[in-house]
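Spelled out, the chains give:
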Amino acid sequence: MSSSSSALETEIFQYIDLHQNVLVENLEEWVAVESDSVQPGLRKEVIRMMALVANRLKVLGATVNSVNLGSHQLPDGQNLPLPPVILAELGKDPQKPTVCFYGHVDVQPAKKDDGWKTDPYTLTEINGNLYGRGATDNKGPVLAWIYAVETFKALKLAMPVNFKFVIEGMEEAGSLGLEELLEEEKRCFFADVDYIVISDNVWLSNRKPALTYGTRGNACFFVEVESGDKDLHSGTFGGIIHEPMTDLIALLDSLVDPTGHIQIPGIYDNVAALREEERKLYESIEFDLEEHKNNCRVKKFLYDTKEEILLHLWRYPSLSIHGIEGAFHEPGIKTVIPAKVIGKFSIRQVPHMDLSVVKQQVVEYLENVFSKRNSPNKLKVSMPLGAKPWVADINDPLYIAARRAARTVFREDPDFIRDGSTIPIARMFQTITQKSVIMLPIGAADDGEHSQNEKISRYNYVEGTKVFAAFLLEISKLHGQLQEISNTKTDN
Ligand SMILES: C[C@H](N)C(=O)N[C@@H](Cc1c[nH]cn1)C(=O)O
Ligand SMILES: [Zn+2]
Ligand SMILES: [Zn+2]
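Given the structure is predicted, the values throughout are model-derived calculations rather than measurements.

K.L.:
An account of the packing of aromatic side chains is needed here, citing residue identities and associated values.
P.N.:
The full count for this structure, using the stated rule, is 14 aromatic pairs. Summarising the aromatic geometry, the rings of Y102 and F429 are spaced 6.1 Å apart at their centres and angled 70° between planes, so their arrangement reads as edge-to-face. Linking Y102 in strand β5 (residues 98-104) with F429 in helix α13 (residues 424-433), this pair joins segments that are 327 residues apart in sequence. Across the pair, F429 and Y102 agree in class, each one buried. Taking 5.1 Å as the distance between ring centres and 85° as the angle between the ring planes, the aromatic pair formed by F189 and F190 counts as edge-to-face. In textbook terms, an aromatic cluster arises when at least three aromatic residues are bridged by ring pairs, as seen for F101, W145, F163, F165, F468 and F471. One Lys or Arg, R56, reaches over the ring of Y147 and ends 5.2 Å from the middle of that ring. A cation sits over an aromatic face here: K164 above F189, 4.4 Å from the ring centre.

Below, the structure written as structure tokens:
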């Protein structure tokens, strides 16, 4: 397979190189918006962010529709407006394939005090890395796609494809309202879409490019324990009551053992059996355990071999405990017994786990553990979010085109990987539109998504923009060839 670039690609790549500071300035402007979809108080910033995106796409020349999704109710009864989802399109040539890109511009919470070296909302370049919340997840890649498309326009080149954008602002909170919108638009906006591309994850390594053909799903749980309607003094009441926090800690502690094995009966029953060729595939993947340990700043993993680590990241469920709402967490001492605490945990889902079965197993298990404590407190278990896993066919033209594009830019074959995290929309797109989906990441494994000091390197940002432009040329070529083959078959 040739990996050298054509004259056209060279012209495009040079333009991107020359304009890279504009790319960085745009990212600086977007990172400055605290579009955190998790904290209700910041919803107006998410909405402001969506307006910025809509304007940016209008400047690109796209037809932009900001779809109002109404509002949603928080567990405390408060109603919050949902940010609009942007559906935008550029070109409607029936001779060309239509590529639809999905991205999100909301971010995870970030505070300087969490341990950031720089202000999370001021994009800061240090040693070739662009630090800021959302730099890699997912504002940088969204802008890289916009620039890839814009390059064709700036150079007065015909766009090789029709292009559609779906940009949302609630991904980090579970893509609320998006599934309904996809259903509604199935026969309208999505009717002529041929291919779906998502760039919302990272490579497996710090340097080697990758294409992603699967993600885990996620079942998020709240477990609430309540004793009464007010907090109590631990000196006055400690020792004579069943404390909600003690109950909750016992419940949370019962979920997973020290080896990482989930203790909920039946939870592994539906996990698809591992096929021999799949195991072999994992053996052939390059994966540097030391680099990975260094990226996440841990000394030891739960497993020792590359294969076991990859299986447990991509192929098996995992349970993580995220936090406790209502517990005292500020610095200093407060001798309180909180009246109501809500533990939050999630179980990453893999084929063929069933979300409703998982929910039932979790509820029954926690009720059973709780009943043995003889506590008079009230227990409530809920699953506020359930997202299914997604796996694609790597023989699809999307993967062939993306592999060629990555090779052209990086001069090496990308890894074919799965991802342990979740993009709720990936599986929904596949099911609702029946079109093929690819995840084409440009971030590196050490980008620190959701972590302190999130970054994207200038190199990945700029080269990633080139990969996207090259991908558009490749998919257009491949699509044309496939059409010709299918027309010849019909003629015969
Ligand atoms: C991979 C993507 N950038 C991401 O971070 N997704 C979130 C989505 C989610 C899942 N459960 C709740 N939100 C993630 O994988 O944590
Ligand atoms: Zn993301
Ligand atoms: Zn994220």
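Next, the rest of the story.
K.L.:
Quick one: what's the story with the coordination of the zinc ion (ligand 2), residue by residue and with numbers?
P.N.:
Protein coordination at the zinc ion (ligand 2) comes from H104 (NE2), D137 (OD), D200 (OD) and D200 (OD), with a distance range of 2.0 to 2.5 Å. For the zinc ion (ligand 2), all donor residues lie on one chain, and their spacing in sequence is H-x32-D-x62-D. A spacing of 3.3 Å is found between the zinc ion (ligand 2) and the zinc ion (ligand 3), which share D137 as a donor. In this pair, D137 sits in the loop between β7 (129-131) and α4 (139-154) while D200 sits in the loop between β9 (195-198) and β10 (210-215), placing the two residues 63 residues apart along the sequence. Taking the relative accessible area as the measure of exposure, D137 reaches 5% and is therefore buried.

K.L.:
Can you tell me about unusual backbone geometry, naming the residues and giving the values?
P.N.:
A cis amide bond links D137 with the next residue in sequence, N138, at an omega value of 5°. Its place among the elements puts N138 in the loop between β7 and α4. The backbone phi angle of Q434 is positive, close to 60°, even though this residue is not glycine. Here Q434 is to be found in the loop between α13 and β19 (436-439).

K.L.:
An account of the sheet that holds strand β6 (residues 124-126) is requested, with residue identities and associated values reported.
P.N.:
Spatially, β6-β7-β20 is the arrangement adopted by the three strands of the open sheet, whose pairing is antiparallel. Only two strands of the sheet have a single partner each, and these edge strands are β6 and β20 (455-457). Adjacent strand axes in the sheet meet at a mean angle of 25°, parallel and antiparallel pairs treated alike. Strand direction decides the pairing type here: β7 and β20, joined by three bridges, are antiparallel. Residue pairing for β20: N129 is matched across the bridge by S457. The sheet strands contacting helix α14 (residues 458-491) are β6, β7 and β20, and the helix crosses β20 at an angle near 65°.

K.L.:
Now, about the side chain of E89: what can you tell me, with residues and values included?
P.N.:
Among the secondary structure elements, E89 is positioned in strand β4 (residues 85-90). Here K92 takes part through its side chain, which lies 3.4 Å from a polar atom of the side chain of E89. Those residues in contact with E89 that lie beyond four places of it in its chain are A62, T63, F163, K164 and F189.

K.L.:
Report on the domain arrangement of the protein, specifying residues and quantitative values.
P.N.:
Taken domain by domain, the protein consists of domain 1 (7-214 + 389-491) and domain 2 (217-272 + 315-387). Between domain 1 and domain 2, the C-alpha centre-to-centre distance is 34 Å. Opposite the nine residues of domain 1 that make contact, domain 2 presents ten residues. Summed over both partners, the interface of domain 1 with domain 2 comes to about 710 Å²; 68% of that surface belongs to carbon and sulfur atoms. Three residues stand out in domain 1 for area buried against domain 2, namely P389, R418 and T422, and they jointly supply 63% of the buried area on that side. Applying the counting rule to domain 1 against domain 2 returns zero salt bridges. There are two residue pairs in polar contact (both at pLDDT 80 or more) connecting domain 1 and domain 2. Residue composition of the side of domain 1 that touches domain 2, by class: four nonpolar, four polar and one charged.

K.L.:
Give a description of the coordination of the zinc ion (ligand 3) that names residues and reports values.
P.N.:
Reference geometry at the metal: tetrahedral coordination by four donors gives ideal angles of 109.5 degrees; octahedral coordination by six donors gives 90 or 180 degrees. Coordination of the zinc ion (ligand 3) by the protein involves D137 (OD), E172 (OE), E172 (OE) and H450 (NE2), with metal-donor separations of 2.0 to 2.6 Å. Between the donor residues of the zinc ion (ligand 3), the gaps in sequence give the motif D-x34-E-x277-H.

K.L.:
Please give an account of helix α9 (residues 289-296) that cites residues and values.
P.N.:
Of all the residues in α9, the buried ones are L289, E291, H292 and K293. On its buried face, α9 sits against α10 (306-315). Its side-chain oxygen 3.0 Å from the backbone nitrogen of E290, D288 forms the N-cap of α9. Looking one or two residues beyond α9, the residue adopting positive phi is R297, at roughly 55°.

K.L.:
Explain the packing of helix α2 (residues 20-31) against helix α3 (residues 43-60) to me, and be specific about the residues and the numbers.
P.N.:
Following both chains from N to C, one finds α2 and α3 inclined at 150°, their axes separated by 10 Å at the closest point. Comparing their axes, α3 and α2 come out roughly antiparallel. Between α2 and α3, the residues in contact are N26, E29 and W30 and M49, L52, V53 and R56, respectively. Tallied by class, residues from the contact of α2 with α3 come to four nonpolar, one polar and two charged.

What counts as what
- Residues numbered from 1 in each chain as written.
- Chains lettered and ligands numbered in written order.
- Predicted model: local features only at pLDDT ≥ 70, side-chain atom pairs only at ≥ 80, totals over all residues.
- Heavy atoms only, no water.
- Phe/Tyr/Trp six-rings, centres within 6.5 Å; stacked < 30°, edge-to-face > 60°.
- Helix = DSSP H or I, 4+ residues; strand = E, 2+ residues; numbered from the N terminus.
- Buried < 20%, exposed > 50% of the residue type's maximum accessible area, 1.4 Å probe, protein only.
- Lys NZ or Arg CZ within 6 Å of the ring centre and 35° of its normal.
- Donors = N, O, S within 2.8 Å, 3.2 Å for Na, K, Ca; no water.
- Pairing = 2+ DSSP bridges.
- Axes fitted to C-alpha atoms, helices over the stretch in contact; angles between N-to-C directions.
- Contact = heavy atoms within 4.5 Å.
- Polar contact = N/O pair within 3.5 Å; in protein donor to acceptor, adjacent residues only side chain to side chain.
- Domains from an automatic or database assignment.
- Buried area = accessible area lost by both parts, 1.4 Å probe.
- Salt bridge = Lys/Arg side-chain N within 4 Å of Asp/Glu carboxyl O.
- Nonpolar A, V, L, I, M, F, W, Y, C, P; charged D, E, K, R; others polar.
- Parallel < 35°, antiparallel > 145°, perpendicular 65-115°, else oblique.

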